[in-house]
Structure formats: structure tokens, C-alpha cells
Amino acid sequence: MTRFLPRTAPPIRAGGLVAATALLLAAAPPTVASAAPTAAAPVVALGGPAETALHPYAEGGDGPKRSTARISVTGADDTAYEGGFTVTFDLTGAAGIADVAFEPEAGVECAATAPGSATCTGHGISPGRSTVTDLLLTAAKGSEQGDTGTIRVTGEAEGTAFTPFTTEVTVGGPDLVMHRLPFDHEPVPGQKQQAPITFTNRGSRAADGVVLTLRHSRGLDIPQRYSNCAYTTDEAWTTARCTVEGAFEAGATYTLAAPLTLRTTDRAYRDIFGYGIHEAGAAGTVRGATAARATRGTTGEVLRAVPAPRPMAARALDLEPGDNEHEADFRTENTADFVAYGDTASGRAGATVTARLGFRNDGPAWIGHLRSGESVAAVDFTVPQGATVTSAPEGCQGVSAEGTALPSGWTGPAPRYVCPTPATVRDDGGLDLSFGLRIDKVLLGAVGRVVVRGPEPRAAGLPFDPEPGNNTARVVLNGESGGPSPAPSDGPGDGASGTPGSATPTPTTGGAGTGAGGTVAPGTAQNTATGNGGSLAATGSSTTMAASGLAVTALTAGLVLFTAARRRRRA
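Now for a look at the structure at hand.

What counts, and where the lines are drawn
Residues numbered from 1 in each chain as written. Predicted model: local features only at pLDDT ≥ 70, side-chain atom pairs only at ≥ 80, totals over all residues. Heavy atoms only, no water. Buried < 20%, exposed > 50% of the residue type's maximum accessible area, 1.4 Å probe, protein only. Helix = DSSP H or I, 4+ residues; strand = E, 2+ residues; numbered from the N terminus. Pairing = 2+ DSSP bridges. Axes fitted to C-alpha atoms, helices over the stretch in contact; angles between N-to-C directions. Phe/Tyr/Trp six-rings, centres within 6.5 Å; stacked < 30°, edge-to-face > 60°. Lys NZ or Arg CZ within 6 Å of the ring centre and 35° of its normal. Disulfide = S-S within 2.5 Å. Polar contact = N/O pair within 3.5 Å; in protein donor to acceptor, adjacent residues only side chain to side chain. Contact = heavy atoms within 4.5 Å. Salt bridge = Lys/Arg side-chain N within 4 Å of Asp/Glu carboxyl O. Core = buried A, V, L, I, M, F, W, Y, C linked by side-chain atoms within 4.5 Å.

With that out of the way, let us pick up the pairing of strand β2 (residues 51-54). The side-chain alternation of β2 yields two buried faces, one formed by E51 and A53 and the other by T52 and L54. Inspection of the sheet shows β2 paired to strand β11 (residues 165-171) by four bridges, in the parallel sense. Following the sheet pairing, T52 is matched in β11 by V169.

What follows is the structure in C-alpha cells.
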């Protein structure tokens, strides 16, 4: 079977109009146009831009300028279609308006079959969206500004139903080009910068209203609020979509009546500001876009765009959608204090207790890996001796006591867990985790270690954190204090260096599951992995914990008193 997949290609040239999501019409059967598809027939959807603007026809020069409409097919998410298929293009609705050429995907062949008709044939449809062909569109000779036509796309394949698709082509349109702003990209907290948003219409007709989109991450702020803007805010971003009425003429340049203010807040660290301009639709939204739920500004001035006081340098007509928006990255010298916390719990042998652990960000900065999407940090939890993990949070990965991957096929609990954070951690946020621990053997003051560190063991430091000494905490089982989790001591092997210390918990006497030699309590499982060239000792084994060097500071047998109290978590 040969499957065709999306290839890397230049973006769709939409003639100044925003490329929209596919306009899906009634489903058509694979071979008979008048029959409805059977319920058992898998359905694949044809799609592409809902509308595409064409450069007006021009004689001479380098010839007509092309716009591109990418036609795709979306197969079932979990099933590949292995047979042949045919996609048919009815071009009669665009006759005299658009000339069409084809640039098919590898493995697909396209050819004219009759006047006003063409087909593309291929074999195999992969799950998800794949490209069939790019339609290369130019305005036909004799066409005029504003002429509109349609291209209808249908498909057929044995045992499969295609949802047809219709795309509209229009001669002429606006081409709104956003000008890049000269920001200071290394600001300090509290710094304010003016943002005189400026754009030019380099298209062939006026834009009937525009939508200005402003998007900034948590470390930035725009103090102004406008009554004609709708605002949305999530964990990391604030977005304003501002509808500006008026006719924005072709060839003219516009700027805001009053420049915006972009302020770097006290929580800034690595931030992004995006600003874009698009033609508004009939309802005051970006053409082809789905309106998002937002809070509309009820107070403040109306954001307005006026002709720029000075003409801007002209350039050749460019209908690339990428010209409509820009993004600016900011790097702010700031810090964020990640403070680890642990827990205490007590129970008899065989009992299961809950240990709550993690860290909080005491700020002042928020930390976000907005470009890479990688984790900001990781919580590394070493399980106390004599205990077995019965439940771990989703996303936490069990590893060996040394922090290496467990043997292939390992399905049991692990002696150590690494839990990554999301790509953003707010200045008032953190990561809260809950582990279920079964007490296999009662050891007085058994101690586990909680460390918040970099997402990779080889880069365990947190470069933004000025207080690495509070990156470590403890989980204590059957301790005597009964109070909150003790903070790490200032002694060797338990501080900022991240070097684990050692612990010698004291076994109790006379209880179930106790005894010499680290005997596991009756009825509890000792986890071993076989068939992988050896075995891994059970969680809580004193031999494994001592060999790994991951036990913590020694505790005196008998009465144990913890006096170093960590800062309590915020409510």
C-alpha cells in the first residue's frame, strides 16, 4: 500500500482574504450521485479555503500573478484507506473568471478530462489530513474586479463516501500588510514602550472594516481598554480582537489615532507580543474565522485607525497572509523562586496513605517556554524506604533509584518518579501531586526526597531561581513530629548542590511486617522484573536505596524531632 502524506509547501496565497476552514456540504456516495452512503461506509472529507482572492489580470510583465488554494482530504483518525480514489473538479462555475493549473501531491496524478473538468487520482488515504493538490489560480483574461465564481470538488472510492467541497474565487481584494514595530527586546520590569500599530492596504480594492488582533503573554500588559475590543484571557495569554469600522483604501497606509502602550510587568521573563490586521466580515469578525467567546470592553475609548501622517515607501503587490501579522519576543532579566514542599503520613504495615508533594512558584516572574512548548521543570520524587507506590499522578514516569529508565516491559511500581511540569508556570502557580503509598514495613522516620529541578537530569539547575536551597523537601512516613513536612537541612548532601544524603530509618518492633533483614510484610508484593537480564529489587529495599545513594540525612533511632520548618504553602 502506498499512502500519500502532506508535504512541505509554501502557504496558501489567499489574495488578502484570510484562508478559512473547509466549507463542508452534504455527503456524496462513492460512485452514485443520487444515492445516500450506507451507514457502514467510512466517510472522508474534502476541504480547502472557503474563498481565495485573485490578483486582477494584467497584460505583459512577468505574466499573471498566482494565488494558491490547497485541496485536502481528511481520512478517519484510526483507519487508513488502502484502495484507489478519484477527486473530480468541476471548473465550469469559474469559467472566464479563473484559470486553473494543478500541482499535485507526490503519488497523485491530475489531468483535464473534459472542458471545464479535471480529475486527480491516487492510491491510499492516510488517517488525518493529507494534501491532494494545490490549485494554482490566476485571473482569466477579460475578468474584472469583483467577478466571483465557484469550483466544486467531489470524490469517489470503492466502499468509501466523500463529503464534497466548494470553494469560491474572487477577482481583486485588499491586501493588509502589518508594519513591524522597533521594540526594545530586552526590557526591564516596569518599562513601557509605545506601539503605534501601522498597516498598509496593498491590494486592489478597499477593505470594508478591519479587525486588529493583539496577543500578549502573561509578563506583558496593555493598560488601555477599548469599547470596540473583545478580550479573552487564559493561563498564558491575553488576546484582544478590535473591530475598526471604515473603508481602508487600496494603496493607503493607516496608523492608530493614539499609540498603544506595551508594559513589561514585574512577572515578565520570556514573553511574546503578536499583532495582526485582517479585513472584517459582515459581523465584524475576521473573514472565515470562528468567533471565540470573549468579554467585550464596556468602558474606555473607541480604538480608531487614521491615515498615516506621512506616506510609506511602496512595494510590489504581495498577497502573502504572513504579511498580516508580526510577533516580537522579549527577554527580561528577572527571577522566579520555585519552592519544593513535601508531606508527612503515618500508618500500620499494609495501610495505604496519601503523600501530597510538589512545588510552588513564589515569583516574582512567571516562566513559560512558549516557543518550544517544553516543560519548565520537573518534580523528582524518591519513595521512602519500606513503602510502595500504589497510585501516581498522570504523566509521572517511574525510573530506577539511580534515575535511569526501568527495564523494558516493567509494569510495577518504581522506587523513584519524575513528573514534568507544563510549558508554563504562573507566578502564583506550581505543580501539586498526590501519590498513594502502601506501607509495607513500618520504619520510624522513613524519608523520601522531593526535588524540583530542570526538566532534564543533565541540566538539573533552574537558571531563573535565585534560591536553590529551597528546591528540596521531604516526605516522612511514621515520623514522631506529626507536623508539616520538614525543609531540607543545611548539612552536606541535602542542599542546593542536589547531592542526596543518607538515611537510616529505625524499624519498629512487634508489629506485622517487621523483622530483621528488611523482611516484607506478609501479603505485600515484592516487585521484580525478570526476563530482562536480571531483576530489580522491590521499592523500599534498604539494599537498593543504600546502593543508589539516594537516602537522606541520618535520623537518630527512637525519638526523632524535626525543627527546620519549611515555609507553608499558600492557601
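Overall, mixed pairing links the six strands, which are arranged β2-β11-β9-β4-β7-β6 in an open sheet. Only two strands of the sheet have a single partner each, and these edge strands are β2 and β6 (109-114). Across the sheet, the mean angle separating the axes of adjacent strands is 25° when strand polarity is ignored. As judged from the five bridges shared by β6 and strand β7 (residues 117-125), these two strands associate in the antiparallel manner. Directly across from A111, in β7, lies its bridge partner T119.

Any pair of aromatic rings gets described here by the distance separating the centres and the angle formed by the planes. Scanning the model with the defined rule gives 13 aromatic pairs in all. Counting every residue linked through ring pairs, the aromatic cluster contains F183, F273, Y275 and F330. Between R215 and the ring centre of W237, over which it is positioned, the NZ or CZ distance is 3.7 Å. A cation over an aromatic ring shows up here: R225 above the ring of Y231, its NZ or CZ 4.7 Å from the ring centre.

Of all six residues in strand β37 (residues 472-477), six are buried, a share of seventy percent or more. By the alternation rule, side chains of β37 split into T472, R474 and V476 and A473, V475 and L477, which are all buried. Pairing analysis gives six bridges linking strand β36 (residues 446-453) to β37, with the strands arranged antiparallel. The residue of β37 that forms the bridge with V451 is T472.

The next point concerns the state of the cysteines. Under the defined criterion, the tally for this structure stands at three disulfides. Between the sulfur of C110 and that of C120 lies a disulfide, 1.9 Å long from S to S. Across the S-S bond linking C110 and C120, the dihedral sits near 110°, which makes this disulfide right-handed. Taken as a pair, C110 in strand β6 and C120 in strand β7 lie far apart in primary sequence, ten residues in all. Judged by relative accessible area, which is 0%, C120 ranks as buried. The disulfide partner of C396 is C419, and the gap between their sulfur atoms is 2.0 Å. Classification of the bridge connecting C396 and C419 rests on its S-S torsion, roughly 115°, and on that basis the disulfide is right-handed. Remark: C419 occurs in strand β32 (residues 416-420) and C396 occurs in the loop between β30 (387-391) and β31 (397-399); sequence separation between them is 23 residues. Both residues of the pair, C396 and C419, count as buried. With its disulfide-bonded cysteines labelled consecutively along the sequence, the protein chain is connected as 1-2, 3-4, 5-6.

So, about the side chain of D380. Locating D380 in the fold gives a position in strand β29 (residues 378-382). Within the structure, the side chain of D380 is placed 2.7 Å from the side chain of R416, a separation counted as a polar contact. Those residues within four positions of D380 in sequence are excluded, and the remaining contacts are R416, Y417, V418, R449, V450, V451 and R453.

Before going further, it helps to examine the pattern of salt bridges. By the definition in use, this model includes twelve salt bridges. A salt bridge links R70 to D134, with the shortest nitrogen-to-oxygen separation between them at 2.7 Å. Here D134 lies in strand β8 (residues 128-139) and R70 lies in strand β3 (residues 67-75), a separation of 64 residues in the sequence. Of the two residues, R70 and D134, both sit in the buried class. Residue E279 is joined to R205 by a salt bridge in which the shortest nitrogen-to-oxygen separation is 3.2 Å.

Keep in mind that most residues, glycine aside, have a negative phi and that most peptide bonds are trans. That bond from G363 to P364 is cis: its omega, 10°, falls within 30 degrees of zero. Here P364 lies in strand β27 (residues 352-364).

Moving on to the nonpolar core. Generally speaking, soluble globular proteins have nonpolar side chains that are buried together. One finds F338, F435 and L437 to be the most contacted residues of the largest nonpolar core, which totals 40 residues. Elements that contribute at least two residues to this core include exactly β25 (336-341), β27, β29, β30, β32, β34 (430-439), β36 and β37. Looking at this core, the element that brings in the most residues is β34, giving five residues. Once you skip the residues sitting within four places of it in the chain, F435 turns out to touch V353, T354, A355, L357, F381, V389, S391, A392, P393, C396, Y417 and C419. With 31 residues, the next largest nonpolar core counts F183, V210, V244 and L303 among its residues.

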